[in-house]
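# Examining the three-dimensional arrangement
Now for the letters of each chain:
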Amino acid sequence: ASPMSVVTLNVHFDGPADAATLSWVGNDGAEVKYCDVRRGGEVRQETFAGHEWVLRTKGGGDELARFVAAAEPALQEHRVPADAAADAATDAAGLASARMEMAQWRCMGGVSIQ
């Protein structure tokens, strides 16, 4: 697969907050909000391989998880557990170098799937 392969992130959110916000992270580190997900729900987001995403407590609060989309598989599952905040800071440092240039995105539904 090429570095610009379109893939889908499927993010399952199990807590610790009532809701979280999924945002794309640009080359400059700025976060662009795409959608919210409630505890116990999930959201699917199309993206390109190499692009970085962050999940924070709703409203841009505490970082719960970071993901960098891989070229494969086409559907990438991510589960954010109730104790996610403790692991997020450790993971963030290793992901920063994977940022790529901004592209157009669309949040597929942007709501929890129960």
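Below or above, wherever it landed, is the structure these notes cover. The model shown is predicted, which means the values in this text are computed figures rather than measured ones. (Residues numbered from 1 in each chain as written. Predicted model: local features only at pLDDT ≥ 70, side-chain atom pairs only at ≥ 80, totals over all residues. Heavy atoms only, no water.)

## Quick look at unusual backbone geometry
To keep things clear, this is the line we draw: Think of it this way: any DSSP run of H or I at least four residues long counts as a helix, any run of E at least two long counts as a strand, and we number them from the N terminus.
Of the consecutive residues glycine 15 and proline 16, the connecting peptide bond is found in the cis state with omega at 10 degrees. Mapped onto the elements, proline 16 comes out in the loop between β1 (6-13) and β2 (19-25). The linkage connecting glutamate 72 with the following residue, proline 73, adopts the cis geometry, with an omega of 0 degrees.

## A closer look at the pairing of strand β5 (residues 52-57)
Here is the rule: In this scheme, a residue with accessible area under 20% of its type's maximum is buried, one over 50% is exposed, and one in between is partly exposed, where area comes from a 1.4 Å probe on protein chains only. Two strands qualify as a pair provided DSSP detects at least 2 bridges between them.
The element β5 is extensively covered by neighbouring structure, given that six of its six residues are classed as buried. As judged from the six bridges shared by β2 and β5, these two strands associate in the antiparallel manner. Residue pairing in the sheet places alanine 20 in a bridge with threonine 57 of β5. The sheet contact formed by β5 and strand β6 (residues 63-68) spans five bridges and is antiparallel.

## Points about the environment of valine 68
With respect to the helices, strands and loops of the structure, valine 68 is situated in strand β6. Here the alpha-carbon distance between valine 68 and alanine 49, two residues 19 residues apart in the chain, equals 7.5 Å.

## A short note on the side chain of asparagine 10
Rules: Any N or O atom pair separated by 3.5 Å or less is treated as a polar contact, with the protein-specific requirement of one donor-capable and one acceptor-capable atom, and with residues adjacent in sequence counted only for side-chain atom pairs. Residue contacts are defined here by distance: any two heavy atoms, one from each residue, within 4.5 Å place the two residues in contact.
Position of asparagine 10 relative to the elements: it lies in strand β1. By relative accessible area, asparagine 10 is classed as buried at 2%. Separated by 3.5 Å, the side chains of asparagine 10 and arginine 44 make a polar contact. Of the polar contacts made by the side chain of asparagine 10, one reaches the side chain of glutamate 77; its length is 2.9 Å. Contact partners of asparagine 10, with chain neighbours within four places excluded, come to Glu42, Val43, Arg44, Leu75, Gln76, Glu77 and His78.

## Some thoughts on the environment of alanine 84
Among the structural elements, alanine 84 can be located in helix α1 (residues 84-95). A C-alpha to C-alpha distance of 9.9 Å links alanine 84 and alanine 17, two positions 67 residues apart in sequence. What alanine 84 contacts, discounting residues up to four positions off in sequence, is Pro16 and Leu64.

## Digging into the packing of aromatic side chains
So the rule is basically this: Geometry of aromatic contacts follows a simple scheme: Phe, Tyr and Trp rings, the Trp one being its six-membered ring, pair when their centres are within 6.5 Å, and the pair is stacked under 30 degrees between planes, edge-to-face over 60, tilted otherwise.
In this structure the tally under the stated criterion is one aromatic pair. Centre to centre, the rings of tyrosine 34 and tryptophan 53 are 5.1 Å apart; their planes meet at 70 degrees, and the pair counts as edge-to-face. Taken as a pair, tyrosine 34 in strand β3 (residues 31-38) and tryptophan 53 in strand β5 lie far apart in primary sequence, 19 residues in all.

## Observations regarding the environment of threonine 57
Along the chain, threonine 57 falls in strand β5. Owing to a relative accessible area of 18%, threonine 57 belongs among the buried residues under this scheme. Along the chain, threonine 57 and leucine 22 lie 35 residues apart, while their C-alpha atoms are 9.0 Å from each other. Setting aside its immediate chain neighbours within four residues, threonine 57 contacts Ala17, Ala19, Ala20, Thr21, Asp62 and Leu64. Here the side chain of threonine 57 touches aspartate 62 through a polar contact of 2.9 Å, landing on its backbone nitrogen.

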